[in-house]
Protein chains: 2
Amino acid sequence: MVDEETRSSDMTMRVFVAGVGQTVFGRRPDSTLKTLSTEAVLQAVDDAGTDIDRIEAAYFANAIGGSITGQEMIAGQVALRSAGLAEVPVFNVENACASASSALHLAAAGVASGTYDVVLAVGAEKMSHPDKRRTFAAIGGAADVDEVFGPDGPSASDRSYFMDLYASNALAYMAATECTVEDLAAVVVKNQAHGARNPRAQYGSATTIEAVLAARPVVEPFTVPMCSPVSDGAAALVLVSETVARQLDREVVEILASVVVSGSRTSETGTNGSSRAAARAYARAGVGPQDLDMVEVHDATASAELLAYEDLGLCERGGAPALVRSGATALGGRVVVNPSGGLLAKGHPIGATGIAQVVEATDQILGRAGDRQVPGARTAMTHNAGGWVGHDNGAVAVTIVGGRR
Amino acid sequence: MVDEETRSSDMTMRVFVAGVGQTVFGRRPDSTLKTLSTEAVLQAVDDAGTDIDRIEAAYFANAIGGSITGQEMIAGQVALRSAGLAEVPVFNVENACASASSALHLAAAGVASGTYDVVLAVGAEKMSHPDKRRTFAAIGGAADVDEVFGPDGPSASDRSYFMDLYASNALAYMAATECTVEDLAAVVVKNQAHGARNPRAQYGSATTIEAVLAARPVVEPFTVPMCSPVSDGAAALVLVSETVARQLDREVVEILASVVVSGSRTSETGTNGSSRAAARAYARAGVGPQDLDMVEVHDATASAELLAYEDLGLCERGGAPALVRSGATALGGRVVVNPSGGLLAKGHPIGATGIAQVVEATDQILGRAGDRQVPGARTAMTHNAGGWVGHDNGAVAVTIVGGRR
């Protein structure tokens, strides 16, 4: 049923999430892009109470399949054929770690333009590889490779590039605020506790600040649990027009805003794409930070979650350490952040992450998030960021979804 | 000025081409994705009489940049930063040789959905590499690599895979019809003659059927000039909403239909995506084959052009050899096919081709195609195809554009 009360974005026509699917995230050595995609897509189609034959177009997000599997082109056609999709258009979309949100944006425009009534947005990533260096070299491809690595592109020795950038942002933030390594560890403790309640999460445990700080260092100020893991996984959404939503005998969730921008993902460098994207999304959806019941943010590192609190307006500038300490962003708090466990605990199969965030938001709004349910969740935001050119020009996506409860 | 008489597609809102740009196609050893993209984009923005700062979103098509340049991710952000684009969203789109038409489709939906008023659709490809084997191995990534090449993906020894598929289709077609190798050569003679009139074409010459047949064989029935070359190049379009089109002090061309499907690109195998896509495009645009003044088809090989005549309804099944012999598809003929020189002569930088086809169609409709002008051209179709999974499931795109003359 379509909720008459929710507000529409500035798209011409309204777009609804009618079904969601997600695999368990983790290192799944026997999985392929085909098996992962098929599992998520069939779940989403089943959840929508529809059939794969009703799908009119598919938007397939994947970031490093070319480097890991050799499937440089038409990965979506190859993967979705396994799910039984035939004849309809498949668009392969890439925006580094924001690939899935970008596919969602394009899928929503496909419906809002009147071109399609029922579409799939799918994100899938096979990151693990018997040769770990291949995975790390692949991740290096999300920078301007000419500038950073020279004409031969990234190699195994370049593995720390992205964590170095995150670390340098974290240190700058810690120098400018009261943030301590204990605050970074507190993010991990919260997200691990959330992940322990998510059967599809890669990790989840009752850890402590002391244990997180005592873990193996990666690059100052991060220890291993402060960095998102290497993950395999897929997630899928069935998006429908208002006409189709009204025909479905089920509750749907509306996409109130889908905003993608270029720019830095943090407030410490560049043009701060996250706060620009959030401001635009709030305006389009007609809601503010105080209306959000939950947020899934791009916690590629623990510090990235704190910066996101401020960029998304969940607190004042510099207020993130106090916010996480207060418990307001933990289950039971005022605005729960990363109830799924986030990238740190749920996992981060990079081309799938943005859609998995919307899967979580949808399940929360529909009241079916089990042990990690945010009571009465009605309005949710997701924040997904990818790529890094110099210190700017990655892709940042903010999505707001809402429903009736 | 917006032409009131042209008919709109089934998109909610009308979409117009307001500016076009294209580099010279060819082997350009000193070029990069950045230099090629910048050249095409600045031309298109200038042609639209607008400024790069007016662009609200960019859709960037590229197919093998990951394999050739190591830029596996965010190639569009990296390339378009050189053109001065900042902050706005960039969507990286891939669909093998149909990448550019897919980006065009998504860009048009971005405008038709009401999300954006002025967007860029860009296609760029750097195919040439000092090690030729790298180029051929990269092209192999447009198949189901698991099925065709095994877990290690394509390698240098697999270079003939795609030409083998085209050749097998060509031989089947020749066995089923009156088509001879002379007819294949006639396509080359025509397209080389057209290319000689196109200052942005890679090749162009006054060749003969005898010379084409005497050239070095590739795989039966093809000789070298019957196969599209390795090319570097870029092409760009500025697409605008009706509101903006009315504000511009220039003639615009309307996108009457943009259809993408999955399926085989030929009538010999699979589900014939080309004829399905064409039928849908005709229905959406409200025109028929008899209304087309010119067509740019995906002549990756000479036989592919003949099959396209039939799939697009330019003649009856089996009628293509007679059609090319009659001269109807040459400049001065009834329905001119590939006035630009097509992939065979203009060149085929794979991620740029579909947009370059629309650049040609736009220039023809605006009456500024110079020595290769189709007199009174008003309605044009482009046909762009990419990828091959088994014998099916590639992407096929058909676009119809129209204007007032």
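Here is a short report on the structure shown in this document. Being a predicted model, the structure only gives us computed values, none of them experimental. Along each chain, residue indices are assigned from 1 in the same order as the chain's sequence is written. Both sets of labels track the order of writing: A upward for chains, 1 upward for ligands. The model is predicted, so local features are restricted to residues of pLDDT at least 70 and side-chain atom pairs to those at 80 or more, both for listing and for counting; the totals for chains, interfaces and linings are taken over all residues. Based on all heavy atoms of the structure, the side-chain values leave hydrogens and waters out of the count.

### Overview of the interface of chain B and chain A
In this assembly, 63 residues from chain B lie in contact with 63 residues from chain A. When two parts are brought into contact, each loses some accessible area as probed by a 1.4 Å sphere; the total of that loss over both is the buried area. Buried area between chain B and chain A, both sides added, is near 4900 Å², and the carbon and sulfur share of it is 49%. The largest per-residue losses of area from chain B upon contact with chain A belong to Glu72, Met73 and Glu87 of chain B, which jointly make up 15% of the total buried on that side. Salt bridges are counted wherever a side-chain nitrogen of Lys or Arg sits within 4 Å of a carboxyl oxygen of Asp or Glu. Summed over the shared surface of chain B and chain A, the number is six salt bridges. As a salt-bridge pair, lysine 34 of chain B and aspartate 144 of chain A come within 2.9 Å of each other at their nearest N and O atoms. Under the rule applied, a polar contact is a pair of N or O atoms within 3.5 Å (in protein, one hydrogen donor and one hydrogen acceptor; residues adjacent in sequence only if both atoms are side-chain atoms). For the interface between chain B and chain A, the tally reads 27 residue pairs in polar contact (both at pLDDT 80 or more). Mapped by element, the contributors of at least two residues to the side of chain B that touches chain A are helix H2 (65–69), helix H3 (75–81), strand S3 (90–94), helix H4 (99–112), helix H5 (132–139), helix H6 (145–149), strand S8 (253–262) and helix H11 (273–285) of chain B. For the side of chain B that touches chain A, the per-class residue count stands at 33 nonpolar, 19 polar and eleven charged. The contact criterion used is simple: two residues touch if any of their non-hydrogen atoms lie within 4.5 Å. Helix numbers and strand numbers start at the N terminus; a helix is a DSSP run of H or I with at least 4 residues, a strand a run of E with at least 2. Residues are sorted three ways: Asp, Glu, Lys and Arg are charged, Ala, Val, Leu, Ile, Met, Phe, Trp, Tyr, Cys and Pro are nonpolar, and all the rest, Gly among them, are polar.

### Focus on the pairing of strand S2 (residues 57–61) of chain B
All names here are of chain B. The buried fraction of S2 amounts to five of the five residues, a majority that puts the element mostly inside the structure. Here S2 shows two buried faces, one formed by Ala57, Tyr59 and Ala61 and the other by Ala58 and Phe60. Only strands joined by at least two bridges in the DSSP assignment are considered to pair. Both S2 and strand S4 (residues 118–126) contribute to a ladder of five bridges, which runs parallel. Of the residues in S4, the one forming a bridge with phenylalanine 60 is valine 122. In the sheet, S2 pairs with S3 via four bridges, with the strands oriented parallel. Counted as the bridge partner of tyrosine 59 is phenylalanine 91 from S3. Here's how the labels work: a residue is buried when its accessible area is under 20% of the maximum for its type, exposed when over 50%, partly exposed in between, all with a 1.4 Å probe on protein chains only.

### A few points about the packing of aromatic side chains
Residue and element names in this part refer to chain A. Ring geometry is summarised as follows: Phe, Tyr and Trp rings, the Trp one being its six-membered ring, pair when their centres sit within 6.5 Å, and such pairs are stacked at plane angles under 30 degrees, edge-to-face over 60 and tilted between the two. Going through the model one piece at a time under the given rule, you end up with two aromatic pairs over all chains. A ring pair is formed by tyrosine 59 and phenylalanine 91, whose centres lie 5.2 Å apart and whose planes are at 35°; its orientation type is tilted. Taken as a pair, tyrosine 59 in strand S2 (residues 57–61) and phenylalanine 91 in strand S3 (residues 90–94) lie far apart in primary sequence, 32 residues in all. The buried category is assigned to tyrosine 59, whose relative accessible area is 1%. A relative accessible area of 0% means that phenylalanine 91 is categorised as buried.

### Details of the side chain of threonine 379 of chain A
Residues and elements named next belong to chain A. Assignment of secondary structure puts threonine 379 in strand S11 (residues 379–386). Threonine 379 sits in the buried class, given a relative accessible area of 9%. Not counting the four nearest positions on each side in its chain, threonine 379 is found in contact with Asp291, Leu292, Asp293, Met294, Ile365, Ile400, Val401 and Gly402.

### Description of the relation of the copies chain B and chain A
The operation relating chain B to chain A is a screw motion whose rotation component is 180°, with 0.0 Å of axial translation and a residual RMSD of 0.0 Å. Expressed as an axis order, the relation between the two copies is that of a two-fold axis. The position closest to the rotation axis in chain B is occupied by the C-alpha of serine 113 of chain B, lying 1.9 Å away. With an isologous cut-off of 70% or more, the 100% of interface residues of chain B that recur at the interface of chain A puts this contact in the isologous class. For the least-squares superposition of copies, only C-alpha atoms count, and only for residues with pLDDT at least 70 in both.

### Considering the nonpolar core
Here, nonpolar core means buried Ala, Val, Leu, Ile, Met, Phe, Trp, Tyr and Cys residues that are tied together by side-chain atoms lying within 4.5 Å of each other. Core analysis: the largest hydrophobic core is formed by 80 residues, its most contacted members being Tyr59, Leu237 and Leu239 of chain A together with Tyr59, Leu237 and Leu239 of chain B. Other than its neighbours up to four places away in sequence, leucine 239 of chain B contacts Val15, Phe16, Val17, Leu104, Ala107, Ala108, Val111, Asp117, Val118, Val119 and Ile255 of chain B.

### Some details on the pattern of salt bridges
Counted under the stated rule, the structure contains 40 salt bridges over all chains. Aspartate 144 of chain B is the partner of arginine 81 of chain A in a salt bridge, and the nearest nitrogen-oxygen pair spans 3.5 Å. With arginine 81 of chain A in helix H3 (residues 75–81) and aspartate 144 of chain B in the loop between H5 and H6, this residue pair bridges two chains. Under the relative-accessibility criterion, aspartate 144 of chain B is labelled buried at 1%. Arginine 368 of chain B is paired through a salt bridge with aspartate 47 of chain B; the nearest N and O atoms lie 2.7 Å apart. Of this pair, arginine 368 of chain B sits in the loop between helix H15 (353–365) and strand S11 (379–386) while aspartate 47 of chain B sits in helix H1 (residues 33–47), placing them 321 residues apart in sequence. Here the salt bridges share partners, and the residues they tie into one network are Asp47, Arg200, Arg250, Asp363 and Arg368 of chain A.

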